[in-house]
Amino acid sequence: MPPQQKKRYVVLDALRGFAILGIILANFPEFSLWTFSDPSTWTRTDTVTRAIQTFFVDGKFYTLFSLLFGIGFSIQIANAGGKLRTFYRRMVVLLLIGLIHLFFLWSGDILALYAVCGMILPLFRKLPTRKLLTIAGCLFFVPVVLDAFFGTRLADPLEQEQWRICGLYGITEANFGTWLSDAHSYREVLQFLHQGAVERMWEFVSGHRLFKVLALFMIGFAVGQERVYVDLDKIKPLMKRILAWGLTLGIPFGILYTWSSMQGSPWGKVVHDLLYLLSVYPMGFAYAAGFGLLFSKSEKAPGWMLLAYPGKMACTNYLSQSVIGILLFYGIGLGLGNRVGLLGTELIALGVYAFQILVSTLWMRPFTYGPVEWVWRMLSYGKRLPLRRS
């Protein structure tokens, strides 16, 4: 039997909504196909915008999103009372949602990987918080070690398979960046998504993403176990320390990471990985702590709901961003891809997020769940559940 709707904490929903904002800013340059453009064609505005995006956005909001999934999984496992069958069904459904997203909408899906990491997470559920955090800290360094010994060789077969599939459809290096903006049918989009799914697997393997996401899930799980979000006033000193240390590490290493990214990792992949580790995660944790401190000062302010409503239906909004991106930028839609600079792309992303705030607010007032969350929940419990609030 599905449990009754549990008490929701506005701070978690609002932080989730904030993460969704950052995710659209990170992802829309790929939808607009600007990411595939030749750096020699960038304008000064493009270069400055790219540097700002890399420093403030790149990786930080997926850090938040992953932490929040870990917190959510801890709540679900706790509610299961040791009976994990329903939790694993939720992960299977999430995996299916992610694969549908990956093969039919966007090659940058993260939900499938989240589902896989979610299936691993219960193995650590009985560990005390200190051990969870220690293991998570070690996992962060695994990608650096693997790159030092293997580089990207472990993923080479996937890259070869990707280009084999590209050859089947006539996708080449010359037309790779324009294929989607030139597409006149959804069939052509599907062809690109076919190779893109393999490319995404290459990114997961070459970037050792499983270790990174699992580490963040474990930290989120530890936060959920301690239920620190219930009373933020009690952990203000801790949040202040996290904010201070996060910025102390994140700002200087973030400057170096941004420079390395803009220059094509001139110091090598291992050094670039270390800069990512020492900048992206500290900044992401600082964002979370700073958000918590701001929320604790004005938690009754109605403005928080502008983030909380999109956060309540984060999965729906994440997936709908892909649909909107296709309609705006691909040839089967408005065809804006390759016609808008990076600054224009980010302004469009902000406009789309404002639209999502409006839709989410209107939807969540009469309904308990977002559309995707409702379907996900019903498939997990194997029965129809009420959508409208009683």
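Throughout this description, residue numbers start from 1 for each chain and increase along the sequence as written. This being a predicted model, a pLDDT of at least 70 is required before a residue's local features are given, and a value of 80 or more before pairs of side-chain atoms are given or counted; all residues contribute to the totals for chains, interfaces and linings. The basis for the side-chain values is all heavy atoms of the structure; hydrogens and waters are excluded.

Quick notes on the overall build of the chain
In plain terms, the rule: Only DSSP runs of H or I reaching four residues or more are called helices, and only runs of E reaching two or more are called strands; each is numbered from the N terminus. For a compact globule the rule gives 2.2 Å times the number of residues to the power 0.38, and the radius of gyration it is set against comes from C-alpha atoms. The classification of residues rests on relative accessible area computed with a 1.4 Å probe and restricted to protein chains. Under 20% of the type maximum is buried, over 50% is exposed, and intermediate values are partly exposed. Note on contacts: a residue pair is in contact if any heavy atoms of the two residues lie within 4.5 Å. Accessible surface area values rest on a Shrake-Rupley calculation with a 1.4 Å probe, where residue burial reflects the displayed protein chains alone. In this tally Asp and Glu are treated as negative and Lys and Arg as positive; neither His nor the chain ends contributes. Note that the charge is assigned to NZ on lysines, CZ on arginines, CG on aspartates and CD on glutamates.
Along the backbone of the chain there are 16 helices and zero strands. Its C-alpha radius of gyration of 21 Å places the chain within 12% of the 21 Å reference for a compact globule of 390 residues. C-alpha extents for the chain along the principal axes are approximately 55 × 45 × 40 Å. Relative to its 390 residues, the chain shows a buried fraction of 50%. For the chain, the share of sequence-separated contacts (at least 6 apart) that also reach a separation of at least 24 residues comes to 79%. When the accessible surface of the chain is totalled, it reaches about 18,400 Å², and 66% of it is carbon and sulfur. Distance between charge centres in the chain, computed from 37 positive and 22 negative side chains, equals 16 Å.

Let's talk about empty space enclosed by the protein
To find leftover empty space, a probe the size of one water molecule is rolled over the atoms. Short version of the rule: Throughout, the protein atoms alone are placed on a 1 Å grid, and a set of points is a cavity if a 1.4 Å probe fits but cannot get out or a pocket if it is open with protein on both sides within 12 Å along at least five of seven lines; lining residues have an atom within 4 Å of a point. Grid points are joined across faces, edges and corners, and a volume is the space filled by probe spheres set on the points.
Throughout the structure, instances matching the rule amount to one cavity of 30 Å³ or more. Quantified by volume, the largest cavity comes out at close to 60 Å³. If you go around the largest cavity, the residues you meet are F140, P143, V144, K212, D273, Y276, L277 and Y281. Among the elements of the structure, α6 (129-150) and α12 (269-297) are those that each provide at least two residues to the lining of the largest cavity. For the lining of the largest cavity, the element with the most residues is α12, which contributes four residues.

What about the side chain of Q195?
In this structure, Q195 sits in helix α9 (residues 186-206). Dropping the residues within four chain positions of it, Q195 is found in contact with Q162, I165, C166, I171 and F176.

Describing the packing of helix α14 (residues 314-329) against helix α16 (residues 371-381)
Using the following cut-off: Geometry is summarised by axes, namely lines fitted to C-alpha atoms with helices restricted to the contacting stretch, and by angles between N-to-C directions that run from 0 to 180 degrees. Each angle is binned into one of four classes, with values under 35 degrees roughly parallel, values over 145 roughly antiparallel, values of 65 to 115 roughly perpendicular, and all other values oblique. Working rule for handedness: look at the near helix, and if it is turned counterclockwise from the far one by less than a right angle, call the crossing left-handed; if clockwise, right-handed. For this classification, the nonpolar set comprises Ala, Val, Leu, Ile, Met, Phe, Trp, Tyr, Cys and Pro, the charged set comprises Asp, Glu, Lys and Arg, and every other residue, Gly included, is treated as polar.
Here α14 crosses α16 at 120 degrees, and the two axes come no closer than 6 Å. When the axes of α14 and α16 are compared, the pair comes out oblique. Between α14 and α16 lies a crossing whose hand is right-handed. Where α14 abuts α16, its residues A314, C315, T316 and L319 lie against P371, V372 and E373. Here the residues of the contact of α14 with α16 sort into five nonpolar, one polar and one charged.

Details of the packing of aromatic side chains
Counted only if it meets this: Each Phe, Tyr or Trp ring (for Trp, its six-membered ring) is paired with any other whose centre lies within 6.5 Å, and the angle between the two planes then decides the class: stacked below 30 degrees, edge-to-face above 60, tilted in between. Geometrically, a lysine NZ or arginine CZ counts as sitting over a ring once it is within 6 Å of the ring centre and also within 35 degrees of the ring normal.
Under the defined criterion, the tally for this structure stands at 30 aromatic pairs. Aromatic side chains F28 and F329 sit 5.5 Å apart centroid to centroid with 85 degrees between the ring planes, which places their arrangement in the edge-to-face category. With F28 in helix α1 (residues 10-31) and F329 in helix α14, the pair connects residues that are 301 residues apart, well separated along the chain. Both residues of the pair, F28 and F329, count as buried. Ring geometry for F176 and F192: centres 4.9 Å apart, planes at 50 degrees, overall tilted. Highlighted residues: F176 in the loop between α7 (156-169) and α8 (179-182) and F192 in helix α9, separated in sequence by 16 residues. F192 shares its class with F176; the two are buried. Taken together, the ring pairs connect F65, F69, F73, F87, Y88, Y114, F217 and Y318 into an aromatic cluster. Of note, K212 hangs over the ring of Y276, and the distance from its end group to the ring centre comes to 4.9 Å.

Some thoughts on the nonpolar core
Here is a general trend for soluble globular proteins: nonpolar side chains tend to be buried in one another's company. Keep this limit in mind: We define a nonpolar core as any set of buried Ala, Val, Leu, Ile, Met, Phe, Trp, Tyr and Cys residues linked to one another through side-chain atoms lying within 4.5 Å.
Ranked by internal contacts, the top residues of the largest apolar core, which has 96 residues, are F28, F69, L111, Y114, Y318 and Y330. What F69 contacts, discounting residues up to four positions off in sequence, is L94, L111, Y114, F217 and W376. One finds F367, Y369, W374 and M378 within the second-largest nonpolar core, a separate group that totals seven residues.

Quick notes on α1
Residues that lie three or four places apart on an α-helix share one face, since the helix turns once every 3.6 residues. The cut-off we apply is this: Under the convention used throughout, the expected extent of a helix is 1.5 Å for every residue step, that is, one less than its residue count. Values of bend correspond, residue by residue, to the angle between axes fitted over the seven residues ending at that residue and the seven starting there.
With 22 residues, α1 extends 31 Å from end C-alpha to end C-alpha; this agrees with the ideal 32 Å at 1.5 Å per step. L25 marks the point of greatest bend in α1, at about 25 degrees, and the proline P29 comes within the next four residues. Of all 22 residues making up α1, 18 are buried, and the element is well covered by its neighbours. One or two steps after α1, the chain reaches L33, where phi turns positive at roughly 70 degrees.

Things to note about the confidence of the model for the chain
The criterion, for reference: Along the chain, pLDDT gives the predictor's confidence residue by residue, from 0 to 100.
When pLDDT is averaged across the chain, the result is 94; 98% of the residues are at 70 or more. Here residues 1-5 is a poorly scored stretch, pLDDT under 50, and it has ten contacts once near neighbours within four places are set aside; other chains count.

Focus on the environment of K300
Here K300 lies in the loop between α12 and α13 (305-312). On the accessibility criterion, K300 (76% relative accessible area) is exposed. Remark: the alpha-carbon pair of K300 and V10, spanning 290 residues in sequence, is separated by 9.7 Å.

Quick look at the pattern of salt bridges
The condition that has to hold: One speaks of a salt bridge when a side-chain nitrogen belonging to Lys or Arg is within 4 Å of a carboxyl oxygen belonging to Asp or Glu.
Applying the stated criterion to the full structure yields six salt bridges. The residue K236 makes a salt bridge to D233 at a minimum N-O spacing of 3.6 Å. Of the charged contacts in the structure, one is a salt bridge between K269 and D273, with a shortest N-O distance of 3.6 Å. Here the residue K269 and the residue D273 both occupy positions in helix α12, the gap between them amounting to four residues, near one helical turn.

Digging into unusual backbone geometry
With a phi angle near 55 degrees, H208 is a residue other than glycine that sits in the positive phi range. Among the secondary structure elements, H208 is positioned in the loop between α9 and α10 (209-226).

Comments concerning the environment of K126
Here K126 shows up in the loop between α5 (111-120) and α6. Through-space distance from the C-alpha of K126 to that of T35 is 42 Å; in sequence the pair is 91 residues apart.

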